[in-house]
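# Structure assessment
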Amino acid sequence: MNVTPRVESPSASLIASRWEIFWERFREQVPIGLLALASSLIVAMLGIILGNIAWNGIGQLSWEFLTTAPRAGMTEGGIFPAIFGTVALVILMTIAAVPIGVATAVYLREFVPGSNLAYAWARARAARRWRERLIGFGHVVEILFARATRAAVNNLAGVPSIVFGLFGLGFFVQFIGGSIDRLFYGGELTYGQPAILWAALTLALLTLPVVIVSTDEALRAVPRELREASLALGATRWQTIWHIVLPEALPGILTGAILAVSRGAGEVAPVLFTGAAYFLPYLPSRLNDQFMELGYHVFILSTQSPDVEKTKPLLYGTVLVLLALTFALNAVGVLIRARVRRQLRARS
């Protein structure tokens, strides 16, 4: 019995191939579409929040609002003391956090690279001379210390901000400040109280992991050939770091400083216990003075006001000023970073 083989028509095979192509393209476009949808939702939520704040707060902005102090139980007046206190707090925090963070990252990246602990331990035990063995065990201790430091940095990044506030109250205010009062002021309450200095140090501790991690990444991005060339020309390790590595990593270091400013400017919980005041009739002029802060002022207006409806325009205006001030501080850092990058490109 003869069986005639079945032959598909060219049109049927063409339709099948087109369907497969369509299905493959559809499967490729679905994840891209979901990612685009997620990004659009984030941008839309941010736009709604910023638009709501701008819509309700723009009418409150005036020269009087920006240059006068609150009055009439926080229901009238301006927010100049809070603006001044926030700027001073951020500047002090940056001065405290950036040098310590950069120094820590330089030590971890340049002086204690990721060495093998087991190899260092075996090498120290195998050393015959006591001096070589002492140096080997010192290297082991150095590696352990570097690992403990990295673990501490990672853990600090996950600690809630309210814990930093309680730590600042107990360590900086009561212990450090109280010790200064007992040693230099005869027990008179001078530094053993909430002050802008302790609030800035607490925020510096909060933002320290951001500075360390960003600086470490910037140092790792510097080509190793630059270090080797500098050492080959006779420069010491410290000269290489100071004149070669740090200038190349400066844009990344400034990025860490910008991120630290962004986080520190809006934090309320750490300064709640360490220096922020409900109301002050004067501006802070000394390191042991209390201060008003925009984030804490927003908290007061939204929770402690005797007339919430009457203070709502002030609340929106304060939030708008806080956002504008944060963006302005970030813009200054971005401009400095761009200028440094142009200088590095021109030099290279």
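Data block above holds the structure.
Described below are features of the structure shown in this document. Numbering of residues starts from 1 in every chain and runs along the sequence as written. Selection of residues for local features in this predicted model requires a pLDDT of at least 70, selection of side-chain atom pairs for listing and counting requires 80 or more, and totals for whole chains, interfaces and linings are taken over all residues. Here the side-chain values reflect all heavy atoms present in the structure, with hydrogen atoms and water set aside.

Turning next to the overall build of the protein chain. Tallying secondary structure elements over the protein chain gives 12 helices and two strands in all. Only DSSP runs of H or I reaching four residues or more are called helices, and only runs of E reaching two or more are called strands; each is numbered from the N terminus. Listing the helices and strands of the protein chain from first to last along the sequence gives α-α-β-β-α-α-α-α-α-α-α-α-α-α. Throughout, the radius of gyration refers to the C-alpha atoms, and the reference size of a globule is 2.2 Å times the residue count to the power 0.38. In terms of overall size, the protein chain is more extended than a compact globule, its C-alpha atoms giving a radius of gyration of 29 Å where 348 residues would be expected to give roughly 20 Å. Seen along its three principal axes, the alpha-carbon backbone of the protein chain occupies a region of about 115 × 75 × 45 Å. Throughout, exposure labels follow a simple rule: accessible area from a 1.4 Å probe, protein chains only, divided by the maximum for the residue type, with under 20% read as buried, over 50% as exposed, and the rest as partly exposed. Here the protein chain holds 348 residues, and the buried ones make up 36% of them.

Working definition: rings of Phe, Tyr and Trp (its six-membered ring) pair if their centres are within 6.5 Å, and the pair is stacked with planes under 30 degrees apart, edge-to-face with planes over 60 apart, and tilted otherwise. Across all of its chains, the model carries 11 aromatic pairs by this definition. Ring geometry for Phe167 and Phe172: centres 6.0 Å apart, planes at 80 degrees, overall edge-to-face. A relative accessible area of 39% places Phe167 in the partly exposed class. An aromatic cluster is built from Phe167, Phe171, Phe172, Phe175, Tyr185, Tyr191 and Trp198, whose rings are joined through pairwise contacts.

Okay, the nonpolar core next. Here is a general trend for soluble globular proteins: nonpolar side chains tend to be buried in one another's company. By size, the foremost hydrophobic cluster in this structure holds 19 residues, and its most contacted members are Leu89, Leu203, Val271 and Phe291. For this core, the secondary structure elements donating two or more residues are helix H3 (80-111), helix H7 (196-221), helix H9 (237-265) and helix H11 (294-303). When residues of this core are assigned to their parent elements, the largest contribution, six residues, is made by H7. Throughout, a contact is declared for two residues whenever any of their heavy atoms are within 4.5 Å. For Phe291, the residues in contact, after removing those within four places along its chain, are Gly85, Leu89, Ala195, Ile196, Ala199, Val271, Gly275, Ala276, Ala277, Leu280 and Pro284. As used in this record, nonpolar core signifies buried Ala, Val, Leu, Ile, Met, Phe, Trp, Tyr and Cys residues forming a set joined through side-chain atoms within 4.5 Å. One finds Val98, Leu208, Ile212 and Ala249 within the second-largest nonpolar core, a separate group that totals 18 residues.

A word on the environment of Ala199. Topologically, Ala199 is positioned in helix H7. Setting aside chain neighbours within four positions, we find Ala199 in contact with Leu89, Val271, Thr274, Gly275 and Phe291.

Relative to the assigned elements, Thr86 resides in helix H3. Since its relative accessible area comes to 1%, Thr86 is described here as buried. Think of a polar contact as two N or O atoms within 3.5 Å of one another; within protein, one of them needs to be a possible hydrogen donor and the other a possible acceptor, and neighboring residues in sequence only count if both atoms come from side chains. Within the local environment of Thr86, its side chain forms a polar contact with the backbone nitrogen of Leu294, the two atoms lying 2.9 Å apart. Setting aside residues no more than four positions away along its own chain, Thr86 makes contact with Ala265, Met292, Glu293, Leu294 and Leu325.

What follows covers the environment of Thr240. Topologically, Thr240 is positioned in helix H9. When the C-alpha positions of Thr240 and Arg227 are compared, they lie 6.4 Å apart, and in sequence the two are 13 residues distant. Setting aside chain neighbours within four positions, we find Thr240 in contact with Arg227, Ser230, Leu231, Ala235 and Val245. One polar contact links Thr240 to Ser230, side chain to side chain, over a distance of 2.9 Å.

Keep in mind these values describe shape, not function.
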